[in-house]
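# Observations on the three-dimensional arrangement
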Amino acid sequence: MIEEITVKRSESDALKKGLKKEGWFSAHYFTRRGVNIDKLRNLAKKNEIDAKHLSMDGTTTWYYKESDVNQLKSENKC
């Protein structure tokens with residue numbers, strides 16, 4: 001399931017810290033670790049994994065649960 005979150009930029013830092021504490025990391029984080037984020041986004045759109053779509057002042061960022069991504073990596077699905 002994809003959760004849509006819209007915030008003002010001034011609120012985004014606190015939200016991002018909270019997401020990180022809960023184990024959610026940005027698509028950029030996973031890109032730097034060799035994960036194919038296009039596959040992650042497609043899996044999220046098919047409701048096969050959970051994702052959060054953060055929108056702030058016209059900028060969007062996808063967030064994925066680290067445990068889900070690690071499992072997908074071990075199964076060679078992303």
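Refer to the structure printed above.
The present account deals with the structure reproduced in this document. Treat the numbers as computed from the prediction; the structure is a model and nothing was measured.

Criteria and cut-off values
Sequence order as written defines the numbering, with residues in each chain counted from 1. Local features in a predicted model are, by the rule used here, given only for residues with pLDDT of at least 70; side-chain atom pairs are given and counted only at 80 or more, and totals for whole chains, interfaces and linings are based on all residues. Excluding hydrogens and water, the side-chain figures rest on all heavy atoms present in the structure. Elements are defined by DSSP. Helices are runs of H or I of four residues or more, strands are runs of E of two residues or more, and each kind is numbered from the N terminus. For this analysis, a nonpolar core means a set of buried residues of the types Ala, Val, Leu, Ile, Met, Phe, Trp, Tyr and Cys, connected via side-chain atoms within 4.5 Å. Exposed residues in this analysis have more than 50% of their type's maximum accessible area, buried residues have under 20%, and partly exposed residues fall in between, with area computed by a 1.4 Å probe over protein chains only.

Phi angles above zero are rare outside glycine, and Asn 47 is one such case at about 60 degrees. By the secondary structure assignment, Asn 47 is in the loop between α3 (37–45) and β3 (51–56). Phi is positive for Asp 57, which is not a glycine, with a value near 50 degrees.

The next point concerns the nonpolar core. Counting residues in hydrophobic clusters, the biggest one holds 15 residues, and the most contacted among them are Phe 30, Leu 40, Ile 49, Tyr 64 and Val 69. Of all the secondary-structure elements, those providing two or more residues to this core are α2 (27–31), α3, β4 (59–65) and α4 (66–74). Counting seven residues, the second largest nonpolar core, distinct from the first, contains Val 7, Trp 24, Met 56 and Tyr 63.

By themselves, these figures tell us nothing about what the structure is for.
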